[in-house]
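Secondary and tertiary structure notes
Letter by letter, the chains look like this.
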Amino acid sequence: VAAHNLNSGMLLSEFQAHATDISCLAVWPGTNKLFSASWDGVVKIQSDERHRRPQLKAEFQKHRDGVTCLACSPELMLLATGGA
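Residues numbered from 1 in each chain as written. Predicted model: local features only at pLDDT ≥ 70, side-chain atom pairs only at ≥ 80, totals over all residues. Heavy atoms only, no water.

For the rest of this paragraph, the subject is the overall build of the chain. Helix and strand counts for the chain stand at 0 helices and 8 strands. In the chain, the order of α-helices and β-strands from amino to carboxyl end is β-β-β-β-β-β-β-β. Computed over its C-alpha atoms, the radius of gyration of the chain comes to 13 Å, within 12% of the 12 Å expected for a compact globule of 84 residues. Overall, the C-alpha framework of the chain stretches about 35 × 30 × 20 Å when taken along its three principal axes. Residue burial in the chain is summarised as follows: out of 84 residues, 31% are buried. Here the analysis covers contacts within the chain between residues at least 6 apart in sequence; of these, 32% occur between residues at least 24 apart. Carbon and sulfur atoms make up 53% of the accessible area of the chain, which amounts to about 5600 Å² in all. Separation between the mean location of the 8 positive side-chain charges and that of the 8 negative ones in the chain comes to 7 Å. (Helix = DSSP H or I, 4+ residues; strand = E, 2+ residues; numbered from the N terminus. Rg over C-alpha atoms; globule rule 2.2 N^0.38 Å. Buried < 20%, exposed > 50% of the residue type's maximum accessible area, 1.4 Å probe, protein only. Contact = heavy atoms within 4.5 Å. Areas by Shrake-Rupley, 256 points an atom, 1.4 Å probe, with all protein chains shown as cover. Lys, Arg positive; Asp, Glu negative; His and termini not counted. Charge placed at Lys NZ, Arg CZ, Asp CG, Glu CD.)

So, in structure tokens, the structure goes:
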């Protein structure tokens, strides 16, 4: 998982990888949080620390199979994931 500058394409940050292919990503608006999920059911919450390496804040596996969607709601302080 990587973040790039939209204008130049320059690599800004590289986040901790998943063991399998990533199925979905989301960014928490107004924060430095990035959510990623993969086909093996793992969800990772990471933060972009800008001048330091990105930090893994949480990792969990609550799905039997792949995560097919995720969404975050700052108003509800909620991360929702869907899949099998």
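That was the structure; now back to the text.
Following the criterion strictly, the structure yields 1 aromatic pair and no others. For the ring pair W28 and F35, a centre distance of 5.7 Å and an interplane angle of 55 degrees mean the geometry is tilted. Comparing W28 with F35, the two get one shared label, buried. (Phe/Tyr/Trp six-rings, centres within 6.5 Å; stacked < 30°, edge-to-face > 60°.)

Let us now look at the pattern of salt bridges. Applying the stated criterion across every chain yields a total of 2 salt bridges. A salt bridge links E59 to K44; its shortest N-O distance comes to 3.9 Å. Of this pair, E59 sits in strand β6 (residues 55-61) while K44 sits in strand β5 (residues 42-47); the two residues are 15 residues apart in sequence, bridging distant segments of the chain. R52 is paired through a salt bridge with E49; the nearest N and O atoms lie 3.1 Å apart. (Salt bridge = Lys/Arg side-chain N within 4 Å of Asp/Glu carboxyl O.)

It is worth spelling out the nonpolar core at this point. With 9 residues, the main nonpolar core is built from C24, A26, W28, F35, A37, V43, I45, V67 and L70. Counting only elements with at least two residues in this core, the list comes to β3 (22-27), β4 (33-38), β5 and β7 (67-73). The residues contacting A37, other than those within four sequence positions of it, are H18, I22, S23, C24, V42, V43, V67 and L70. (Core = buried A, V, L, I, M, F, W, Y, C linked by side-chain atoms within 4.5 Å.)

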